[in-house]
There are 2 protein chains.
Amino acid sequence: MSALLNVPLTATPLLPAQRRQRIVDFLHRHGAVTLQQLASALHVSLSTLRRDLDGLSDEGLVDRTHGGALLRHQQYSTFEPEFSAALELSPHEKSLIGMAAANSLMPGQCVIFDSGSTVQEAARAVAARNIEILAVTNDIQIAQILGLSPAVRVHVFGGQLRAGSNTLVGDEVLASARSIRADVLLFGAHAVTEGVVSETSSDVAAVKRALMQSATSRRLLIDSSKFRPRVFMSVCEVTELEEIITDDGAPQDEIERIRGAGVKLTIARRAS
Amino acid sequence: MSALLNVPLTATPLLPAQRRQRIVDFLHRHGAVTLQQLASALHVSLSTLRRDLDGLSDEGLVDRTHGGALLRHQQYSTFEPEFSAALELSPHEKSLIGMAAANSLMPGQCVIFDSGSTVQEAARAVAARNIEILAVTNDIQIAQILGLSPAVRVHVFGGQLRAGSNTLVGDEVLASARSIRADVLLFGAHAVTEGVVSETSSDVAAVKRALMQSATSRRLLIDSSKFRPRVFMSVCEVTELEEIITDDGAPQDEIERIRGAGVKLTIARRAS
DNA sequence: GCATTTTTGTGAAAGTTATTGACAGTTAAT
DNA sequence: ATTAACTGTCAATAACTTTCACAAAAATGC
């Protein structure tokens, strides 16, 4: 299905720079676009879009192909484009994973929601189904989502807000995490590589490790694009987890490694 | 003939600096503006607006593009996909109060932002102007807004999320509040009546009282509709405050009572 | 005090450049 | 062989730059 750029039929004229920005943004989420998709979403002529793509190609941001363009992502590992990319990398897969995670929760449980876009989808699913739980989180966006449901009691860790994100980090979070006991931890990560879970920043990794100590059952939520080269800070080994929930794009060797380690692996699929 | 009272009612005489401020505010909310939007909302010539944008671009605040400008440090606005440029560029009472409160802050201060819609406007103004402060808040929505500004360090109190709101309450907030020391507290209230500030719920009132104890300067932000019959829980007397910021609809008797009590009263107005 | 220069902000006009959509001819893909 | 996509050109429109004139406020001179 053709995922659309979120352009309502607004009379607001779009700045050329904004249009290019949206194209790049779309590419960050989907990796590729066709000129047809762009034309139907942005309502400008093909000539203009061709010029846009050519320009972006000259800047080295995208690779031009017949009929469209591909994202040129060369510098991945240590620099994290969390601003643009993370919010919606591949929304459909993420929400499937989130639903699967929500399904595995039981009423009355105490659940920690770590920061991250996939966990956010789990929070959405929990709120939508009014599952009665006590939720604890260090992500203020997730707190807001969970707060929409009358069935969920939400507790927020105090702490420092990480620049450019919705995550709380710092000593205060670590201390609070140590003082609680939860049934389940739902968390995400930046990369999973050969059985090692890693993150880009040390303070985020520290928080994740602290949260792991506080929960009986640890469940990792990652879309399959996260099976990629490992980044700076290692968080844990997959053997320390109870379950990993991902989508059906996960590479076979990682799947076997996880199953071989005796960790439950759930593939979230579309209901049919 | 003197131009003393020669101001037409239709046009708003706006100081150049104020006009630019509004442009920046708008950009912080939406990330982009067209010159056309600005012209139709601010009623000055395109030449002037071009000069404004060029100036802001020289200051490094915005990026100039054909037909408009983009915010330089491009940050996602998480809310309000639907907007009317004209409405937002001529702000209402609450945002005027918020701007006045933001103006009174000095770089380097530690400022507590209590929960509430008027305080939220102050947070917006602080974020838009990139005032360098350390912010502490018990409202997760305000935390998100402040987090958009790279100049603001945001600290969030831990606590229980109050059902149906963005406010954190509970013992944990009270304890955290007692352990900090801030220069300024910006807070709102449900009602101000005959010199008494009141709230509808006891846990919210308890938090406000605790925050008052932690701040050297206590400033109450209330639009004039809050001068109304008092509600259940009393929070404090106006005599305990340093300043009250409101709009020009405040009743005369309350104004006199406040001034008589030696409390600074600021009326936020459109232009001067 | 008053008249003046300077400064600053503003709007309008003329000429220049950018962006856009359409069209015709050419090249690539299956 | 037959689409679909690309290249290049062109005219129309929108935006830009530069320049000038005007007004109000601030600084200056007498």
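All values derive from a computational prediction rather than experimental measurement.

Some remarks on the pattern of salt bridges
Residues and elements named next belong to chain A.
Part 1: Evaluated as defined, the whole model comprises 28 salt bridges over all chains.
Part 2: When the shortest N-O distance is used, the salt bridge between Asp 54 and Arg 64 registers 2.8 Å. With Asp 54 in helix H3 (residues 46-58) and Arg 64 in strand S2 (residues 62-65), the pair connects residues that are 10 residues apart, well separated along the chain.
Part 3: Assessed through its relative accessible area of 28%, Arg 64 is described here as partly exposed.
Part 4: Beyond isolated ion pairs, a larger network of salt bridges with shared partners links Arg 219, Glu 242, Glu 243 and Lys 264.

Remarks on the sheet that holds strand S6 (residues 153-156) of chain A
Part 1: Across the sheet, which stays open at both edges, the 9 strands sit in the order S15(A)-S14(A)-S12(A)-S9(A)-S4(A)-S5(A)-S6(A)-S7(B)-S8(B) with mixed pairing between neighbours. Each end of this open sheet is capped by a strand with a single partner; those strands are strand S15 (264-268) of chain A together with strand S8 (168-169) of chain B.

Here's the deal with the environment of A:Glu93
Part 1: Following the sequence through the fold, A:Glu93 ends up in helix H4 (residues 91-103).
Part 2: Considering only alpha carbons, one finds A:Glu93 and A:Ala123, 30 residues apart in sequence, at a separation of 15 Å.

Thoughts on the protein's contact with DNA strand C
Part 1: Neighbouring DNA strand C are 16 residues; A:Ser45, A:Thr48, A:Arg51, B:Arg19 and B:Thr48 lie closest to it.
Part 2: One of the side-chain nitrogen or oxygen atoms of A:Thr48 is found 2.3 Å away from a phosphate oxygen of DNA strand C.
Part 3: In this structure, a phosphate oxygen belonging to DNA strand C sits 2.9 Å away from a side-chain N or O atom of B:Ser45.
Part 4: Of all the secondary-structure elements, those providing two or more residues to the surface near DNA strand C are helix H1 (16-30) and H3 of chain A together with helix H1 (16-30) and helix H3 (46-58) of chain B.

Re the sheet that holds strand S3 (residues 68-71) of chain B
Residues and elements named next belong to chain B.
Part 1: Taken together, 3 strands build an open sheet; the order of strands is S1-S3-S2 and the sheet is antiparallel. With one partner strand each, in any of the chains shown, strand S1 (32-34) and strand S2 (62-65) form the two edges of the open sheet. Within this sheet the neighbouring strands show an average axis-to-axis angle of 20 degrees, counted without direction.
Part 2: In the packing of helix H2 (residues 35-42) onto the sheet, contacts are made with S1, S2 and S3, and the angle to S1 comes to roughly 70 degrees.
Part 3: Here H3 sits on the sheet and contacts S2 and S3; the angle it forms with S2, its principal contact strand, is near 130 degrees.

Details of the packing of helix H5 (residues 93-103) of chain B against helix H6 (residues 117-129) of chain B
Residue and element names in this part refer to chain B.
Part 1: Where H5 contacts H6, the axes come no closer than 7 Å and their chain directions differ by 55 degrees. Relative to H6, the element H5 is oriented oblique. The interaxial crossing formed by H5 with H6 has right-handed handedness. For the pair H5 and H6, contact is made by Lys 94, Ser 95, Ile 97, Gly 98, Met 99, Ala 101, Ala 102 and Asn 103 and by Ser 117, Thr 118, Glu 121, Ala 122, Ala 125, Val 126 and Arg 129, respectively.

A look at H3(B)
Residues and elements named next belong to chain B.
Part 1: The terminal C-alpha atoms of H3, which comprises 13 residues, lie 18 Å apart, in line with the 18 Å expected from a rise of 1.5 Å per residue.
Part 2: Along H3, the residues that are buried comprise Leu 49, Asp 52, Leu 53, Gly 55 and Leu 56. Mapping the buried residues of H3 onto a view down its axis gives an arc of 160 degrees, with all of them on the same face. Of the exposed residues in H3, the ones pointing more than 90 degrees away from its buried face are Arg 51 and Asp 58.
Part 3: Gly 60 lies just past H3 and shows a positive phi near 85 degrees.

A closer look at the protein's contact with DNA strand D
Part 1: The local shell around DNA strand D holds 14 residues, among which A:Arg50, A:Gly67, B:Arg50, B:Arg64 and B:Gly67 are the closest.
Part 2: Within the backbone of A:Gly67, one N or O atom sits 2.6 Å away from a phosphate oxygen of DNA strand D.
Part 3: If you list the elements that add at least two residues to the surface near DNA strand D, you get helix H2 (35-42) and S2 of chain A together with H2 and S2 of chain B.
Part 4: Broken down by class, the residue content of the surface near DNA strand D amounts to 2 nonpolar, 8 polar and 4 charged.

Considering the interface of chain A and chain B
Part 1: If you look at the interface, chain A gives 30 residues, while chain B gives 33 residues.
Part 2: Carbon and sulfur atoms supply 52% of the area that chain A and chain B bury against each other, a total of about 2400 Å² over both sides.
Part 3: The largest contributions to the chain A side of the interface with chain B come from A:Leu15, A:Gln144 and A:Gln160, which together make up 23% of the buried area.
Part 4: On inspection of chain A and its partner chain B, the count reaches 0 salt bridges.
Part 5: Joining chain A to chain B, the criterion identifies 12 residue pairs in polar contact (both at pLDDT 80 or more).
Part 6: Mapped onto the side of chain A that touches chain B, the elements with two or more residues apiece are H1, helix H6 (140-147), S6, strand S7 (159-161) and helix H7 (171-178) of chain A.
Part 7: Across 2 bridges, the pairing between S7(A) and strand S6 (residues 153-156) of chain B is antiparallel. Bridging from a neighbouring strand, A:Gly159 pairs with B:Val156 of S6(B).

Considerations on the pairing of strand S5 (residues 134-137) of chain B
Along any regular strand, the residues point their side chains to alternate faces of the sheet.
Residue and element names in this part refer to chain B.
Part 1: Sheet analysis places strand S4 (residues 110-113) next to S5, joined by 4 bridges and oriented parallel. Bridge pairing in S5 places Ile 112 opposite Val 136.
Part 2: At this point the chain moves from S4, through H6, to the parallel S5, and the crossover so formed is right-handed.
Part 3: Here S5 runs beside S6; their pairing, made up of 4 bridges, is parallel. The residue of S6 that forms the bridge with Ala 135 is Val 154.
Part 4: Following the backbone out of S5, through helix H7 (residues 140-147) and into the adjacent parallel S6, one traces a crossover that is right-handed.

Focus: the domain arrangement of chain A
Note: interface size is frequently given as the accessible area lost on complex formation between the parts.
Part 1: As assigned here, chain A comprises domain 1 (16-71) and domain 2 (86-268).
Part 2: Summarising the inter-unit geometry, the C-alpha centres of domain 1 of chain A and domain 2 of chain A are found 33 Å apart.

Remarks on the packing of H6(B) against H7(B)
Residue and element names in this part refer to chain B.
Part 1: Between H6 and H7, the shortest axis-to-axis distance is 8 Å and the interhelical angle comes to 15 degrees. Taken as axis vectors, H6 and H7 run roughly parallel relative to one another. In this structure, H6 meets H7 at a crossing whose hand is right-handed. Contacts between H6 and H7 involve Val 119, Gln 120, Ala 123, Arg 124, Val 126 and Ala 127 from the former and Gln 141, Ile 142, Ile 145 and Leu 146 from the latter.
Part 2: Considering only residue class, the contact of H6 with H7 consists of 7 nonpolar, 2 polar and 1 charged.

Calculation criteria
Each chain carries its own residue numbering, running from 1 in the direction its sequence is written. Each chain takes a letter, starting from A, and each ligand takes a number, starting from 1, following the order in which they are written. Since the coordinates come from a predicted model, pLDDT governs what is reported: local features require at least 70, and pairs of side-chain atoms require 80 or more to be given and counted, while whole-chain, interface and lining totals use all residues. Side-chain figures throughout are based on the complete set of non-hydrogen atoms in the structure, without hydrogens or water. Take a side-chain nitrogen of Lys or Arg and a carboxyl oxygen of Asp or Glu: if they are within 4 Å of each other, that pair is a salt bridge. Secondary structure follows DSSP: runs of H or I at least 4 residues long count as helices, runs of E at least 2 residues long count as strands, and numbering of each begins at the N terminus. Exposure classes here rest on a 1.4 Å probe applied to the protein chains alone. A residue is buried below 20% of its type maximum, exposed above 50%, and partly exposed in between. Strand pairing is assigned whenever DSSP identifies at least 2 bridges connecting the two strands. Residues are classed as near a molecule or strand on a simple rule: at least one heavy atom within 4 Å of it. Think of a polar contact as two N or O atoms within 3.5 Å of one another; within protein, one of them needs to be a possible hydrogen donor and the other a possible acceptor, and neighboring residues in sequence only count if both atoms come from side chains. In this description, a line fitted to the C-alpha atoms serves as the axis of each element, helices being fitted only across the stretch in contact, and the angle between N-to-C directions of two axes falls anywhere from 0 to 180 degrees. Throughout, a contact is declared for two residues whenever any of their heavy atoms are within 4.5 Å. Each angle is binned into one of four classes, with values under 35 degrees roughly parallel, values over 145 roughly antiparallel, values of 65 to 115 roughly perpendicular, and all other values oblique. Crossings are assigned a handedness: left-handed for a near helix turned anticlockwise from the far helix by less than a right angle, right-handed for a clockwise turn. One less than the residue count of a helix, multiplied by 1.5 Å, gives the span that helix is expected to have. To obtain the arc, one takes the directions from the helix axis to the C-beta atoms. In this classification, Asp, Glu, Lys and Arg are treated as charged, Ala, Val, Leu, Ile, Met, Phe, Trp, Tyr, Cys and Pro as nonpolar, and every other residue, Gly included, as polar. The quantity reported as buried area is the accessible area (1.4 Å probe) lost by two parts once they are put together, taken as the sum for both. The crossover handedness rule: strands pointing away from the viewer, path from first strand over the helix to second strand clockwise, crossover right-handed. These domain boundaries are the output of an automatic or database domain assignment.

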